[in-house]
Amino acid sequence: MSTAASTLSDKNRRSAMMAALMGLGMLGMGYAAVPLYEIFCRVTGYGGTTQRTDAATAATVQSTSRVMSIRFDSNVNSALPWTFKPENPVDRVSVGAKDMAIYLATNESTEPVVGTATFNVTPVQAGQYFHKVQCFCFTEQLLKPGETMRMPVLYYVDPAILEDPETRDIEEITLSYTFYRSKDGLAVDAAGGKI
């Protein structure tokens, strides 16, 4: 074999190896895209994603004199035989003060059904300042036939919202939930174990 043919064969092998590595890298990025996007949304509040805060952190937040309206919205996917609504559709809270909203869910079917909620906040710029301390949306919910459950949401609006030029004039935030039927029909707790 000539040296020119050997060199060409080595170049082809390297090119094929690089193409294969790039393909594997792209496949890996495809699998990582969803979790990375979720982390990005949680950190930045992008797309109205709310923040999750523990009770100890929430206890350190100081309430302000500024009052804001919080509107509670509820939706149910057509595959889920539930009714779902807020107990009180609007609340007025001091920015920084912890407050609780209650949603009511009723299973209208004759069988146990597991649901899971997605959520967002509008205007979307407020997502990074809307903190949930406790929420039914962190776990899947199992309702027996005809059962009604009260589902609390403990939250506060971070006073930093008043310092941000894009959010300081917001007077109303809407917290919206949509419940969907769970894919496998079994409730999963926050730790990932089946209930």
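A.B. asks: Give a detailed account of the environment of Tyr 177, specifying residues and quantitative values.
C.D. replies: Inspection of the secondary structure puts Tyr 177 in strand S10 (residues 172–181). The spacing of Tyr 177 and Phe 72 is 105 residues in sequence and 8.2 Å in space, taken between C-alpha atoms. In terms of polar contacts, Tyr 177 uses its side chain to reach the side chain of Lys 132, at 3.4 Å.

A.B. asks: Kindly report on a nonpolar patch on the surface, identifying the contributing residues and their values.
C.D. replies: Where nonpolar side chains cluster on the molecular surface, the patch consists of Met 17, Met 18 and Leu 21 and spans about 330 Å² of accessible area. Among the secondary structure elements, Met 18 is positioned in helix H1 (residues 3–44).

A.B. asks: Tell me about the side chain of Ser 176, and please be specific about residues and values.
C.D. replies: Inspection of the secondary structure puts Ser 176 in strand S10. Discounting residues that sit within four places of it in the chain, Ser 176 has contacts with Asp 73, Asn 75, Thr 118, Phe 119 and Asn 120.

A.B. asks: Talk me through the packing of aromatic side chains; I want residue IDs and the actual numbers.
C.D. replies: For the structure shown, the criterion picks out twelve aromatic pairs. Ring plane angle 80 degrees and centroid distance 5.1 Å describe the contact between Tyr 103 and Tyr 177, whose orientation is recorded as edge-to-face. In this pair, Tyr 103 is assigned in strand S5 (residues 99–107) and Tyr 177 in strand S10, connecting sequence segments 74 residues apart. Take Tyr 103 and Tyr 177: they sit in the same class, and that class is buried. Through pairs of rings, three or more aromatic residues link up here, namely Phe 72, Trp 82, Phe 84, Tyr 103, Phe 119, Phe 130, Phe 136, Tyr 155, Tyr 177 and Phe 179.

A.B. asks: Break down the nonpolar core for me, with residues and values.
C.D. replies: Grouped burial of nonpolar side chains is what soluble globular proteins tend to show. If you look at the biggest cluster of nonpolar residues, it comprises 31 residues, and the most contacted ones within it are Phe 136, Ile 173 and Tyr 177. Residue assignment for this core shows that the elements contributing at least two residues are strand S2 (67–76), strand S3 (82–86), S5, strand S6 (113–122), strand S7 (130–135), strand S9 (148–157) and S10.

A.B. asks: Now, about the sheet that holds strand S8 (residues 141–143): what can you tell me, with residues and values included?
C.D. replies: What the five strands build is an open sheet, ordered S4-S2-S10-S6-S8; its pairing is mixed. In this open sheet, the two strands that pair with only one neighbour each are strand S4 (90–94) and S8. Strand-to-strand twist of the sheet, defined as the mean angle between neighbouring strand axes without regard to direction, takes the value 30 degrees. Sheet analysis places S6 next to S10, joined by eight bridges and oriented antiparallel. Each bridged residue has a counterpart across the sheet, and for Gly 115 the counterpart in S10 is Arg 181.

A.B. asks: Before we move on, could you go through the state of the cysteines and cite the residues and values that matter?
C.D. replies: All chains considered together, the criterion is met by one disulfide. Disulfide pairing is shown between Cys 135 and Cys 137; the S-S distance is 2.4 Å. Judged by the torsion about the S-S bond (135 degrees), the Cys 135/Cys 137 disulfide is right-handed.

A.B. asks: Please set out the pairing of S6 residue by residue, giving values where relevant.
C.D. replies: Taken together, the three bridges between S6 and S8 define a ladder with antiparallel strand orientation. Considered in S8, the bridge of Val 114 is made with Leu 142.

A.B. asks: Now, about the confidence of the model for the chain: what can you tell me, with residues and values included?
C.D. replies: Parts of the model with low pLDDT should not have their predicted coordinates read in detail. Scored by pLDDT, the chain has a mean of 81; 77% of the residues are at 70 or more. The low-confidence segment residues 31–48 (pLDDT under 50) makes 22 contacts with residues lying over four places distant or belonging to another chain. The low-confidence segment residues 187–195, where pLDDT is below 50, has 18 contacts with residues more than four positions distant or belonging to other chains.

A.B. asks: Please provide a residue-by-residue account of unusual backbone geometry, values included.
C.D. replies: A cis amide bond links Thr 122 to the next residue, Pro 123, at an omega of -5 degrees. Note on placement: Pro 123 falls in the loop between S6 and S7.

A.B. asks: Explain the pairing of S7 to me, using residue names and the numbers behind them.
C.D. replies: Of all the six residues making up S7, five are buried; the element is thus mostly covered by neighbouring parts of the structure. As defined by bridge partners, strand S1 (residues 51–52) adjoins S7 across two bridges and the pair is classed as parallel. Directly across from Gln 51, in S7, lies its bridge partner His 131. Relative to S9, S7 runs antiparallel, the two being bridged by five bridges. Note that in S9 the partner of Phe 130 across the bridge is Val 157.

Reading the values: the criteria
Residues numbered from 1 in each chain as written. Predicted model: local features only at pLDDT ≥ 70, side-chain atom pairs only at ≥ 80, totals over all residues. Heavy atoms only, no water. Helix = DSSP H or I, 4+ residues; strand = E, 2+ residues; numbered from the N terminus. Polar contact = N/O pair within 3.5 Å; in protein donor to acceptor, adjacent residues only side chain to side chain. Patch = residues over 30% accessible without salt bridge, like charges linked within 9 Å, V, L, I, M, F, W, Y side chains within 5 Å. Areas by Shrake-Rupley, 256 points an atom, 1.4 Å probe, with all protein chains shown as cover. Salt bridge = Lys/Arg side-chain N within 4 Å of Asp/Glu carboxyl O. Contact = heavy atoms within 4.5 Å. Phe/Tyr/Trp six-rings, centres within 6.5 Å; stacked < 30°, edge-to-face > 60°. Buried < 20%, exposed > 50% of the residue type's maximum accessible area, 1.4 Å probe, protein only. Core = buried A, V, L, I, M, F, W, Y, C linked by side-chain atoms within 4.5 Å. Pairing = 2+ DSSP bridges. Axes fitted to C-alpha atoms, helices over the stretch in contact; angles between N-to-C directions. Disulfide = S-S within 2.5 Å. pLDDT = per-residue confidence, 0-100.

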